[in-house]
Amino acid sequence: VVEVGTPDRSVITTCAYCGVGCTFRAETRGEELVRMVPWKDGKANHGHSCVKGRFAWGYAQHKERILNPMIRASVDEPWREVSWDEAIAHTASEFRRIQTKYGVRSIGGITSSRCTNEETFLVQKLIRQGFGNNNVDTCARVCHSPTGYGLKTTFGTSAGTQDFDSVQYADVILVIGANPTDAHPVFGSRMKQRLREGAKLIVVDPRRIDLVKSPHVAAEHHLPLRPGTNVALLTAMAHVIVTEGLANEDYIRARCEWDEYEDWAAFVSQRERSPEATEALTGVPAADVRAAARLYATGGNAAIYYGLGVTEHSQGSSTVMAIANLAMATGNVGREGVGVNPLRGQNNVQGACDMGSFPHEFSGYRHVSDEPTRKLFEQAWGVSLDAEPGLRIPNMLDAATDGVFKGIFIQGEDILQSDPNTHHVAAGLAAMECVVVQDLFLNETANYAHVFLPGSTFLEKDGTFTNAERRIQRVRKVMQPLNGYADWEIVQLVANAMGLGWSYAHPGEIMDEIAELTPTFTNVSYDALDRHGSLQWPANAAAPDGTPTMHIEGFVRGKGKFVVTDYVPTDEKTGPRFPLLLTTGRILSQYNVGAQTRRTENVAWHPEDMLEIHPVDAENRGVKEGDWVALKSRAGETTLRAHVTDRVAPGVVYTTFHHPDTQANVITTDYSDWATNCPEYKVTAVQVGLSNGP
Ligand code: SF4
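The structure presented is a predicted model; accordingly, all values stated were derived computationally and were not measured. (Residues numbered from 1 in each chain as written. Predicted model: local features only at pLDDT ≥ 70, side-chain atom pairs only at ≥ 80, totals over all residues. Heavy atoms only, no water.)

**Brief notes about empty space enclosed by the protein**
So, step 1. Applying the stated rule across the entire model yields 10 cavities of 30 Å³ or more.
So, step 2. Computed from the structure, the second largest cavity encloses a volume of approximately 400 Å³.
So, step 3. Around the second largest cavity, the lining is made up of 29 residues, and of these Gly177, Ala178, Gly309, Thr584 and Lys682 lie nearest the centre.
So, step 4. For the lining of the second largest cavity, the elements supplying multiple residues, two or more each, are helix 5 (180–183), helix 12 (308–311) and strand 23 (580–585). (1 Å grid on protein atoms, 1.4 Å probe; cavity = no way out; pocket = protein on both sides within 12 Å on 5 of 7 lines; lining within 4 Å. Points joined across faces, edges and corners; volume = space filled by probe spheres on them. Helix = DSSP H or I, 4+ residues; strand = E, 2+ residues; numbered from the N terminus.)

**Remarks on the nonpolar core**
So, step 1. Counting residues in hydrophobic clusters, the biggest one holds 59 residues, and the most contacted among them are Leu126 and Leu453.
So, step 2. Leaving out residues up to four positions away in the same chain, leucine 126 has contacts with Phe131, Val491, Val494, Ala495, Met498, Leu500 and Trp502. (Core = buried A, V, L, I, M, F, W, Y, C linked by side-chain atoms within 4.5 Å. Buried < 20%, exposed > 50% of the residue type's maximum accessible area, 1.4 Å probe, protein only. Contact = heavy atoms within 4.5 Å.)

**Structural notes on the pattern of salt bridges**
So, step 1. Applying the stated criterion across every chain, the model contains 36 salt bridges.
So, step 2. Here arginine 273 makes a salt bridge to aspartate 566, at a shortest N to O gap of 3.2 Å. Of the two residues, arginine 273 sits in the loop between helix 9 (258–268) and helix 10 (275–282) while aspartate 566 sits in the loop between strand 22 (535–536) and strand 23, which places them 293 residues apart along the sequence.
So, step 3. Since its relative accessible area comes to 18%, arginine 273 is described here as buried. (Salt bridge = Lys/Arg side-chain N within 4 Å of Asp/Glu carboxyl O.)

**Some details on the packing of aromatic side chains**
So, step 1. A full pass over the atoms with the stated rule returns 17 aromatic pairs.
So, step 2. Aromatic side chains tryptophan 84 and tyrosine 485 sit 5.2 Å apart centroid to centroid with 85° between the ring planes, which places their arrangement in the edge-to-face category. Remark: tyrosine 485 occurs in the loop between strand 21 (471–475) and helix 19 (487–497) and tryptophan 84 occurs in helix 2 (residues 84–102); sequence separation between them is 401 residues.
So, step 3. For tryptophan 84, a relative accessible area of 13% puts it in the buried group.
So, step 4. The exposure class assigned to tyrosine 485 is partly exposed, which follows from its relative accessible area of 25%.
So, step 5. Seen in terms of ring centroids, phenylalanine 155 and phenylalanine 555 are 5.1 Å apart; in terms of plane orientation they differ by 25°. Their pairing is stacked. Separated by 400 residues along the polypeptide, phenylalanine 155 in the loop between helix 4 (145–154) and strand 8 (172–176) and phenylalanine 555 in the loop between strand 22 and strand 23 bring together distant segments of the chain. (Phe/Tyr/Trp six-rings, centres within 6.5 Å; stacked < 30°, edge-to-face > 60°.)

Here it is, written out as structure tokens:
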């Protein structure tokens, strides 16, 4: 029984965990949050929630939260608490000093998918207007940047095609590289509801995730492919669809570039792309691939949902395009119940991408080299803007170790724990002269910081988040910021110390500027959001009430573009020293690197990361349930406990990355997506052996 006081006030706000975007009534008594009640009118959750949004908010008042700014001259010195005035002045003068000494492109920053759209917009504005370069990137670099590239190339815009409600019209649901019941629980439940009503399910995943078989739900087909072979498997499905005459040629002729379709169809029809020819490679029986392809093409409305098991590969962008090819070939884009739907991980990763967090794009996905767009921003911001794309996160770190990149502003991201190859990240940060971390807690990255600016939680600010279905929703202040300032105010203080003269009195004014400069947001304002409850972009003159389903009349780019996606094996190879393949994921009660959930009661449900290993692989190594094992790759080594289970196939091991002790990313490699540098987290060759523990 949880004892709660009697609330005297309530505020409607949005969950700050995953990309489902559940809304809650936050009930308070004075300045104390009493409980979070899922809001029945929430457009994304319809009154439902999961254990994170409902219960895991205690971190906001956790004793480890840092509330005062701190600086130090070098990372070997202890932190010194200073006033906000001193911290802000020091930050601004360090950035200016570095630029004077090393050049205008020697500094940059990282926006946070945990912060609001308004805060993200301000960080990229600080970098473009104040730093004078495009060295801005975001944590989408390590998760859904291939979605941005792949969907923009094929459909013309970097976002999922449907709203969540659309799943109720799906007859066939294909889930690939996603585990919705753990990572997007409220939508996962919605999907299960539709499956219980009779929709058919295809799961493409190396693990037997809960959806494959759980009470009242069983997948028609589970294709447990070998990690790293997504493109080969999707191409084999395309082979079946084209060679068996299942493609929807009327749709393709009307909606897509026909010549490109013919090139693609000729490619996928080759014998060597068939399920039989690729069976040994993917590890999936050809008959199962054929049956799944036939069901997807002929089973009625077919919707695809995917996650990081698609994007975090050396062929992440190719896999996204291969998915888009399948959907176009079968006419499954542009109405309810179909589509291509990335399940975004973080609460505002869609928004962070929308707001111009990439080094090559302004808000609304417009390239920095596009002169009319650049002029628009130059007029609004009163400066000349750099037409050259800036550096991505891994390139900033490379440039730092090369001695030409010297300062970084990191808002709400623990890159030391979340980015690949921890040694590489550490070396890059250590080579910089000024690392500024703005966060709630002294995270792992802060070990390399010279300035720490305390951040504020979602309960302490106003703003908006954009969920995985492009739904912009209000975040409302529930309590005053314990650190004194909301994150958007801190960015404004830094900007003004650098002489930029900003004067936002409320985040609503920032949203007005976003709307003025971003064609897909023209009709978005706090008034409109309060009136509608939420808006799905594009929300503009052509779609005043927003856009639940995209590409209805035609694709955003005009005609849909088929792209030939040839399977290219990853450079990460198994062999005698590293015979197993490691893949990673999340669990329901925890969230990403665990900075928040580990500081709540939820930690009791998952106190440590474990290594799932198949009974055959465990027996070969003398490993039993609960034993400590050493996990080694070419990049590094860590220790964790074994969980012996046939959820993973022989030859595959799996772990989560919620606890810093595990340091799962010490193991992962530098390999990344060819188009976007998204790291290849899902494929690492490893060896497992008994250990005495950490
Ligand atoms: Fe929050 Fe996601 Fe859980 Fe909803 S499903 S309550 S958005 S973590």
